[in-house]
Amino acid sequence: YRYNYRLFFWLADVVIVNSVFLKSALNRITPLPESKTRVVENIAQLTCLDEKIRSNATLPDKDHRLKIVYVGRFLKWKNLEMLIDVLLELEANGAYFQFDVYGEGDQRMLYQDKVKASGAIRIREPVAPEDVRTILKQYDVFVMPSVTETYSFAALEALCENIPVLITSEGGLN
């Protein structure tokens, strides 16, 4: 695949990427001439980040479970299996939370099998893009455990809803 990328970049007049991270990732595949590379940061409107953060937060207990959400694709590199394993262990040790996982992908059956006996983790159906923010409003925390991630609109949408976002230090959101 490196040959294809090199050929593509050699033939291109300019290569436009949406982050410095993506530019450096592409440079690891094949060096990109500075004269042919442009970084155009994402232009999403994030005025919602200036809004006041929710107050009156409470610690989770059996009557007030922490509501955690993931919205995205079910792919191995999204690292959901590790997160599910950790949360299953926490549930077994009496932690109070609800984790809803929305999406679709080749790991779906694996996740469904893992959480069959769980009362705290639910694998949900995919969400239409126009409904993501409405869904996110129902939760306390958004998680993104990816081992690599160039950009996550779902994480930005969670921030726009004043929902704390827990992400790995990988990729374009770190």
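For the structure itself, consult the block above.
Rules used in this analysis
Residues numbered from 1 in each chain as written. Predicted model: local features only at pLDDT ≥ 70, side-chain atom pairs only at ≥ 80, totals over all residues. Heavy atoms only, no water. Phe/Tyr/Trp six-rings, centres within 6.5 Å; stacked < 30°, edge-to-face > 60°. Helix = DSSP H or I, 4+ residues; strand = E, 2+ residues; numbered from the N terminus. Buried < 20%, exposed > 50% of the residue type's maximum accessible area, 1.4 Å probe, protein only. Lys NZ or Arg CZ within 6 Å of the ring centre and 35° of its normal.

Right, let's get into the packing of aromatic side chains. All told, the structure shown has two aromatic pairs when counted by the stated rule. Relative to Tyr-111, the ring of Phe-74 lies with its centre 5.5 Å away and its plane at 70 degrees, an arrangement referred to as edge-to-face. On the criterion of sequence distance, the pair formed by Phe-74 in the loop between strand S3 (66-71) and helix H3 (80-92) and Tyr-111 in helix H4 (residues 108-114) is long-range, its members being 37 residues apart. Like Phe-74, the residue Tyr-111 is buried in the burial classification. Aromatic pair Tyr-102 and Tyr-139: ring centres 6.3 Å apart, planes at 80 degrees, arrangement edge-to-face. Of this pair, Tyr-102 sits in strand S4 (residues 97-102) while Tyr-139 sits in the loop between helix H5 (132-136) and strand S6 (141-144); the two residues are 37 residues apart in sequence, bridging distant segments of the chain. Side by side, Tyr-102 and Tyr-139 carry an identical accessibility label, which is buried. Its guanidinium or amino end placed over the ring of Tyr-139, Lys-67 lies 5.9 Å from that ring's centre, counting from NZ or CZ.

That is the geometry; function is a separate question.
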